[in-house]
Amino acid sequence: MESTKRNIIVTGGSRGIGRAIVKEFCAAGDRVYFTFNNHEEEARSLAKECDATAFKCSQRDPKAIDTTLSAILNEANTIDVLINNAGITADMFLMLMPFEEWDKVLDTNINGVFRWVRAVSRPMLTAQKGAIVNVASIAGLIGVGGQTNYAASKGALLAFTRALAAEFGPKGIRVNAVVPGFIDTDMTAVMPRQVKRDNKERILLKRFGTPEEVAKVVTFLASDQASYVVGQEIIVDGGLTATVS
Ligand code: NAP
């Protein structure tokens, strides 16, 4: 009997939102392959816990991406879903920003997505089906000082999502984005306490979101429940961007 398990790739699955996404897919019975960069121990323990497969593979290393995809395709015949989640921040005022800090954020958050999509495009286009979900950020929608590099990468990711949806939609591949606001992960843990407090005040629900609350929307967009949703962005921010404050 043919397996009904979907083959899912999640980038940056070792921590935070990506970790919650991996768990959500695994709980649904999917076959999950995920990447990590620095946190090997966390990645290996998650892989064991969920019966998933972890690959050390940087977004910034095109060779590693090709090798990782080849290893996955040795085991899986198709790639049903790609979740582009891996991302970094390197916040600082533009005047003080060395080119390297600009480049590393853009290279990880947008060039890395290009590399992964290009790599999976062949198996997905051959199968004429699949779903891609890009994890962007409200920084790509509203101006946040100190984040010009991050904002540029996430704004680009949203534009990329729409253009890719136009290319891939007619081939049966749905491309969408999830746009998180402030979510409780290591990424926001480094924010100064007062900045966190001020931001919570501006959020309609008066709290940061959980990784699981983002993961549920990501897995929805990747599922057949969203079979007619294409080229869209779903904001998951507790109402932060819904009002002027
Ligand atoms: P996080 O807790 O810092 O985790 C980031 C994940 O990305 C880790 O698994 C990390 O792997 C991986 N990663 C980083 N650089 C990588 C690279 N070069 N190659 C491969 N993997 C890499 O961040 P998070 O909060 O979960 O963020 C996940 C996504 O959500 C990001 O795209 C972020 O921009 C977006 N987002 C987050 C928030 C928020 O408030 N937290 C808000 C909006 C959008 P290692 O641990 O192995 O290094």
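Preceding this paragraph is the structure being described.
Here the structure is a predicted model, which means the values were calculated and not measured. (Residues numbered from 1 in each chain as written. Predicted model: local features only at pLDDT ≥ 70, side-chain atom pairs only at ≥ 80, totals over all residues. Heavy atoms only, no water.)

A. The overall build of the protein, seen in detail. In terms of regular secondary structure, the protein is built from eight helices and seven strands. Compactness check: the protein gives a C-alpha radius of gyration of 17 Å against a globular reference of 18 Å for 245 residues, within 12% of the reference. Along the first, second and third principal axes, the C-alpha atoms of the protein reach 55 × 35 × 35 Å. Counting every position in the protein, which comprises 245 residues, the buried fraction comes to 50%. Counting only contacts in the protein whose residues sit at least 6 apart along the sequence, the fraction spanning at least 24 positions is 69%. Accessible surface for the protein amounts to roughly 12400 Å². Of this, 54% is attributable to carbon and sulfur atoms. Counting 28 positive and 27 negative side-chain charges, the protein places the averaged centre of each group 1 Å from the other. (Helix = DSSP H or I, 4+ residues; strand = E, 2+ residues; numbered from the N terminus. Rg over C-alpha atoms; globule rule 2.2 N^0.38 Å. Buried < 20%, exposed > 50% of the residue type's maximum accessible area, 1.4 Å probe, protein only. Contact = heavy atoms within 4.5 Å. Areas by Shrake-Rupley, 256 points an atom, 1.4 Å probe, with all protein chains shown as cover. Lys, Arg positive; Asp, Glu negative; His and termini not counted. Charge placed at Lys NZ, Arg CZ, Asp CG, Glu CD.)

B. Up close: the site of the ligand. Near the ligand there are 31 residues, and of these Arg15, Asn37, Asn85, Tyr150 and Thr185 occur at the shortest range. One nitrogen or oxygen atom from the side chain of serine 14 is found 2.8 Å from an oxygen atom belonging to the ligand. Contact with the protein chains removes 96% of the 890 Å² of surface that the ligand exposes when unbound. It is helix H6 (residues 186-189) that provides the largest number of residues to the shell around the ligand, a total of three residues. Partitioning the shell around the ligand into residue classes produces 12 nonpolar, 16 polar and three charged. (Near = heavy atom within 4 Å. Polar contact = N/O pair within 3.5 Å; in protein donor to acceptor, adjacent residues only side chain to side chain. Nonpolar A, V, L, I, M, F, W, Y, C, P; charged D, E, K, R; others polar.)

C. Layout of unusual backbone geometry. At aspartate 51, a residue that is not glycine, the phi angle is positive and equals roughly 55 degrees. With respect to the secondary-structure elements, aspartate 51 resides in the loop between helix H2 (40-50) and strand E3 (53-56). The phi dihedral of glutamine 128 falls on the positive side, at around 55 degrees, and the residue is not glycine. Residue position: glutamine 128 is located in the loop between helix H4 (99-127) and strand E5 (130-135).

D. Quick peek at the pairing of E3. Pairing geometry for strand E2 (residues 31-36) and E3, over four bridges, is parallel. Across the sheet, phenylalanine 36 pairs through a bridge with lysine 56, a residue of E3. Taking the sense of rotation as the criterion, the β-α-β connection linking E2, H2 and E3 turns out right-handed. (Pairing = 2+ DSSP bridges. Right-handed = clockwise from strand over helix to strand, strands pointing away.)

E. Molecular detail of the nonpolar core. Judged by nonpolar contacts, the single largest core of 36 residues is most densely connected at Ile9, Leu82, Trp116, Val120 and Ile132. Secondary structure elements with two or more residues in this core: helix H3 (62-75), H4, helix H5 (148-168) and strand E6 (173-180). Sorting elements by how many residues they give to this core places H4 first, with eight residues. Ranked by size, the runner-up nonpolar core spans 32 residues in total, among them Ile21, Val22, Phe25 and Ala222. (Core = buried A, V, L, I, M, F, W, Y, C linked by side-chain atoms within 4.5 Å.)

F. Here's a closer look at the packing of aromatic side chains. For the structure on display, the rule yields one aromatic pair. Consider the rings of phenylalanine 182 and phenylalanine 208, whose centres lie 5.2 Å apart with planes at 15 degrees: the pair is stacked. With phenylalanine 182 in the loop between E6 and H6 and phenylalanine 208 in the loop between helix H7 (193-202) and helix H8 (211-222), this pair connects stretches of sequence that are 26 residues apart. Take phenylalanine 182 and phenylalanine 208: they sit in the same class, and that class is buried. Across from the ring centre of tyrosine 33, 5.0 Å away, lies the NZ or CZ of arginine 31, which sits over that ring. Sitting over the ring of phenylalanine 208, lysine 200 keeps its end group 5.0 Å from the ring centre. (Phe/Tyr/Trp six-rings, centres within 6.5 Å; stacked < 30°, edge-to-face > 60°. Lys NZ or Arg CZ within 6 Å of the ring centre and 35° of its normal.)

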